[in-house]
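# Overview (structure and organization)
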Amino acid sequence: PVAAVPRHHNPARAALGRLAATGRGYVRFAVREPGLFRVAFTPCPNVVPAVGDHLGPYELLCAALDDCVAAGALPPERRQGADRLAWIGVHGLAMLTIDGPLPSGGAQFDDLVERTLDFIADGLGCRRIARRR
């Protein structure tokens, strides 16, 4: 999902797009592959290792947040702990979706994912993520 984020001339908007894509991919993977998700991502994020030359989901999140700081989309003083807060948001949404009671498909699910990502970005002090629609 991160690679599919369109290039944007505004670095802050591009960084926020990558941050949102990271969260979106995490939740959508949980819905598509709930068994694998439970095995791979339920432990503490610090113990989810990278696989080969690829970044693991936690490292992708940290890199996206660091990009947001570098691009001016996330105030540097808000970066510490932002990874944990963002992880809590998307992991909670993923678990409530695959275990119920939240919907796992359709427009209601898509809206819930996008609103959760906006809520996380707002809570972190990021500039508002433009909705994809």
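See above for the structure.
Parameters at a glance
Residues numbered from 1 in each chain as written. Predicted model: local features only at pLDDT ≥ 70, side-chain atom pairs only at ≥ 80, totals over all residues. Heavy atoms only, no water. Helix = DSSP H or I, 4+ residues; strand = E, 2+ residues; numbered from the N terminus. Polar contact = N/O pair within 3.5 Å; in protein donor to acceptor, adjacent residues only side chain to side chain. Contact = heavy atoms within 4.5 Å. Axes fitted to C-alpha atoms, helices over the stretch in contact; angles between N-to-C directions. Parallel < 35°, antiparallel > 145°, perpendicular 65-115°, else oblique. Left-handed = near helix turned anticlockwise from the far one by under 90°. Nonpolar A, V, L, I, M, F, W, Y, C, P; charged D, E, K, R; others polar. Salt bridge = Lys/Arg side-chain N within 4 Å of Asp/Glu carboxyl O. Buried < 20%, exposed > 50% of the residue type's maximum accessible area, 1.4 Å probe, protein only. Core = buried A, V, L, I, M, F, W, Y, C linked by side-chain atoms within 4.5 Å.

### Topic: the side chain of Asp83
Among the structural elements, Asp83 can be located in helix 4 (residues 82-98). Only 2.2 Å separates the side chain of Asp83 from the side chain of Tyr58, close enough to count as a polar contact. With sequence-adjacent residues up to four places away left out, Asp83 is seen in contact with Tyr58, Leu61, Cys62 and Leu65.

### Points about the packing of helix 1 (residues 11-32) against helix 3 (residues 57-70)
Axis separation between helix 1 and helix 3 bottoms out at 8 Å; the angle between their running directions is 160°. As far as their axial angle goes, helix 3 and helix 1 are roughly antiparallel. Relative to helix 3, the crossing made by helix 1 is left-handed. For the pair helix 1 and helix 3, the contacting residues are Ala15, Leu16, Arg18, Leu19, Thr22 and Tyr26 in the first and Pro57, Leu60, Leu61, Ala64, Leu65, Asp67 and Cys68 in the second. Classifying every residue of the contact of helix 1 with helix 3 by side-chain character gives 10 nonpolar, 1 polar and 2 charged.

### Notes on the pattern of salt bridges
Pairing of side chains with opposite charge becomes possible as their charged atoms draw close. One pass over the full model with this rule turns up 6 salt bridges. Here Asp67 and Arg18 are joined by a salt bridge, their closest N and O atoms 3.4 Å apart. Here Arg18 lies in helix 1 and Asp67 lies in helix 3, a separation of 49 residues in the sequence. Relative accessible area serves as the criterion here: at 31%, Asp67 is assigned to the partly exposed category. With a relative accessible area of 27%, Arg18 lands in the partly exposed category.

### Re the environment of Arg13
For Arg13, the location among the structural elements is in helix 1. Exposure remark for Arg13: the relative accessible area of 45% places this residue in the partly exposed category. Between the C-alpha atoms of Arg13 and Ala73, which are 60 residues apart in sequence, the distance is 7.3 Å.

### A look at the nonpolar core
Counting 31 residues, the largest nonpolar core has Leu19, Leu65, Cys68, Leu124 and Cys126 as its most contacted members. Going through the elements one at a time, helix 1, helix 3, helix 4 and helix 5 (106-124) are the ones with two or more residues in this core. Not counting residues within four places of it along the chain, the set of residues in contact with Cys68 comprises Ala15, Leu16, Leu19, Ala73 and Leu74.

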